[in-house]
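Examination of the molecular architecture
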Amino acid sequence: MNNSGVPFETVGFGGEYRAPYACDPQNSRGRLISEPASPTRTPSQRDRDRVVHSTAFRRLKHKTQVFIYHEGDHFRTRLTHTIEVAQVARSIARALRVDEDLAEALALAHDLGHTPFGHAGEDALARSMVDYDGFEHNAQTLRIVTALEKRYATFDGLNLSWETLEGIVKHNGPLLNASGASIGKYADDGLPHAIQVYSKSHDLMLNTYASIEAQSAAIADDIAYNAHDIDDGLREGVFTLDDLSDVPLVGDILKEVRELYPKLNKTRTTHELVRRLITRLIEDVIMTAQSNLAALQPTSADDVRRAGRVMVGFSKDMILAERAIKSFLFEHMYRTPKVLAVRDNAEIIVGNLFDRYLNDPTLMANEWGEPLSDLDVLPRLVCDYVAGMTDRFALQEHHRLFDVTPDLS
């Protein structure tokens, strides 16, 4: 109970009651495996804590965001990015008076399925798994939290609540249409293996949109990586502040900062630019979401799920500005010769490791390399093992198993 005598689960932003369209922790759809309720934490809070204490979460410390981990202590890793996403997600959720803890749990979990070496590792594993039901990092996140984490006495995975699992799978929108056909990026190849398998035992309503909390975490991811990739790119020197002058929104903010603080050095100018950019993006999302919600007038979380469109997103003008930022980063950072060279070599490392373990699974450590009674599951086992590696461990393993390891410096 809080000081007003209201159960703590129902209190939202500013002491007000949680919005009617929010996910209500007191009425969660529960967990696949039933557990006694906690006397001190809501289901969302327990989920958040389970993610933070997971092995996969700790590994994010040594997984690449854009630059390889050993290039410097100040560049972002998957872990620092994830923490930043969680902060932004909570800010949006708080303003919209929804379950901050659920938004945070989803933000903290959103990158658990990423491979070593970022998207380079994912592309390499997707190629290696093309004949074995494929690989996709979001589906791998679901696989981690429902099967691969082995910490609890009575179940595999983290046994997260329905609302958290739904948000992990659907944060970018529905996966199926009303007739059950795959849509969006899954239209051609169907649902990823992990999602297909889990959906047989636990219906996550794959034909609807996700909750406001999940949508808040999804847009927070975009905000965080756009703003902070600008920071990392400036720090690495792949582009300059002057290069940003003509980028919509970013250029306007840079001009504003320089006019206010004409003698500010590069480091402080960069931080001022990034923090103002994050603020503008968050404020735009909040105002747009409030407008969308006012038009829809949802009275439950399920009204949001069945709205037929995203509620939490950028305004039309901000969509154009955000696309321009992405386009700039794509040209000046993600596709620079240095990053491309590292990416190509990282793909070779991941592909080599997959092939070597598939040929001789005893080379995998601990229980991963134990003999299998069903060899049909071996490719997926190898995929799980390689996907779970940190950048550092992948490099160590390649050095151990091969005479020559591609240079990632």
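In case you missed it, the structure is sitting above this.
Let me begin by describing the structure that accompanies this report. All values derive from a computational prediction rather than experimental measurement.

Rules used throughout
- Residues numbered from 1 in each chain as written.
- Predicted model: local features only at pLDDT ≥ 70, side-chain atom pairs only at ≥ 80, totals over all residues.
- Heavy atoms only, no water.
- Helix = DSSP H or I, 4+ residues; strand = E, 2+ residues; numbered from the N terminus.
- Contact = heavy atoms within 4.5 Å.
- Polar contact = N/O pair within 3.5 Å; in protein donor to acceptor, adjacent residues only side chain to side chain.
- Expected span 1.5 Å × (residues − 1).
- Buried < 20%, exposed > 50% of the residue type's maximum accessible area, 1.4 Å probe, protein only.
- 1 Å grid on protein atoms, 1.4 Å probe; cavity = no way out; pocket = protein on both sides within 12 Å on 5 of 7 lines; lining within 4 Å.
- Points joined across faces, edges and corners; volume = space filled by probe spheres on them.
- Nonpolar A, V, L, I, M, F, W, Y, C, P; charged D, E, K, R; others polar.
- Phe/Tyr/Trp six-rings, centres within 6.5 Å; stacked < 30°, edge-to-face > 60°.
- Lys NZ or Arg CZ within 6 Å of the ring centre and 35° of its normal.
- Core = buried A, V, L, I, M, F, W, Y, C linked by side-chain atoms within 4.5 Å.

**Let's talk about the environment of His171**
As for its placement among the helices and strands, His171 is situated in the loop between helix H7 (162-170) and helix H8 (193-199). Each C-alpha atom, one on His171 and one on Val310, is 9.8 Å from the other, the two residues being 139 residues apart in sequence. When near neighbours in sequence (up to four residues on either side) are disregarded, His171 contacts Asn138, Glu166, Ala210, Ala214 and Ala218. Among the polar contacts made by the side chain of His171, one reaches the side chain of Asn172 at a distance of 3.3 Å.

**Examining helix H9 (residues 212-236)**
Taking 1.5 Å of rise per residue, 25 residues should cover 36 Å, and H9 covers 36 Å from first to last C-alpha, within 8% of that figure. Of all 25 residues that make up H9, 21 are buried, and the element is covered over most of its length. A positive backbone phi angle near 85 degrees is found at Gly237, which sits one or two residues after H9.

**With respect to empty space enclosed by the protein**
Within the structure shown, the criterion is met by three cavities of 30 Å³ or more. Considered as a void within the structure, the largest cavity measures approximately 50 Å³ in volume. Lining the largest cavity we find Cys23, Asp24, Pro25, Ser28, Pro43, Ser44, Asp99, Leu102, Ser161 and Glu163. Partitioning the lining of the largest cavity into residue classes produces four nonpolar, three polar and three charged.

**Remarks on the packing of aromatic side chains**
Evaluated as defined, the whole model comprises five aromatic pairs. Look at Trp368 and Tyr385: their rings are 5.4 Å apart centre to centre, the planes differ by 50 degrees, and that puts the pair in the tilted class. With Trp368 in the loop between helix H14 (337-359) and helix H15 (378-387) and Tyr385 in helix H15, this residue pair connects regions lying 17 residues apart in the sequence. Judged by relative accessible area, Tyr385 falls into the buried class, the value being 7%. Consider the rings of Tyr385 and Phe393, whose centres lie 6.5 Å apart with planes at 90 degrees: the pair is edge-to-face. For Phe393, a relative accessible area of 28% gives the class partly exposed. An aromatic cluster is defined as three or more aromatic residues linked by ring pairs; in this entry it consists of Tyr357, Trp368, Tyr385 and Phe393. The ring of Tyr152 carries the charged tip of Arg50 above its face, separated from the ring centre by 5.1 Å. Here the basic side chain of Arg356 rests over the ring of Phe402, its NZ or CZ set 4.2 Å away from the ring centre.

**Some thoughts on the environment of Gly351**
By the element assignment, Gly351 lies in helix H14. Residues Gly351 and Arg127, 224 residues apart in the sequence, show an inter-C-alpha distance of 8.3 Å. Discounting residues that sit within four places of it in the chain, Gly351 has contacts with Ala124 and Ser128.

**Overview of the layout of surface pockets**
By volume, the largest pocket is sized at about 1300 Å³. Lining the largest pocket we find 50 residues, and of these His114, His119, His137, Asp221 and Tyr225 sit closest to its centre. Among the elements of the structure, helix H3 (78-95), helix H4 (100-109), helix H5 (118-128), helix H6 (137-148), H7, H9, helix H13 (316-334) and H14 are those that each provide at least two residues to the lining of the largest pocket. Take the lining of the largest pocket: its biggest share by element is 10 residues, from H9. Considered class by class, the residues forming the lining of the largest pocket number 21 nonpolar, 16 polar and 13 charged. As a volume, the second largest pocket reaches approximately 880 Å³. Lining the second largest pocket we find 39 residues, and of these Leu148, Trp368, Leu381, Asp384 and Tyr385 sit closest to its centre. Here the lining of the second largest pocket gets six residues from one element, more than from any other, and that element is H15. When the residues that make up the lining of the second largest pocket are grouped by side-chain class, the tally is 18 nonpolar, eight polar and 13 charged.

**Let's talk about the nonpolar core**
The tendency in soluble globular proteins is for nonpolar side chains to be buried side by side. In terms of nonpolar packing, the biggest core is built from 85 residues, with Ile230 and Leu244 touching the most fellow members. Among all residues touching Leu244, those that are not within four sequence positions of it are Ile230, Leu234, Phe239, Val250, Gly251, Leu273 and Phe328. Counting 27 residues, the second largest nonpolar core, distinct from the first, contains Phe135, Met389, Leu401 and Leu408.

**Side note on unusual backbone geometry**
Non-glycine residue Phe117 carries a positive phi angle of around 65 degrees. Structurally, Phe117 can be placed in the loop between H4 and H5. Of the residues examined, Phe117 reaches a relative accessible area of 5% and is grouped as buried. Positive phi, close to 55 degrees, is recorded for Gln297, a residue that is not glycine.

**Looking at the environment of Asn345**
With respect to the element layout, Asn345 can be found in helix H14. On the basis of relative accessible area, Asn345 is assigned to the partly exposed category, the value being 22%. For the pair Asn345 and Arg46, spaced 299 residues apart in the sequence, the C-alpha separation amounts to 40 Å.

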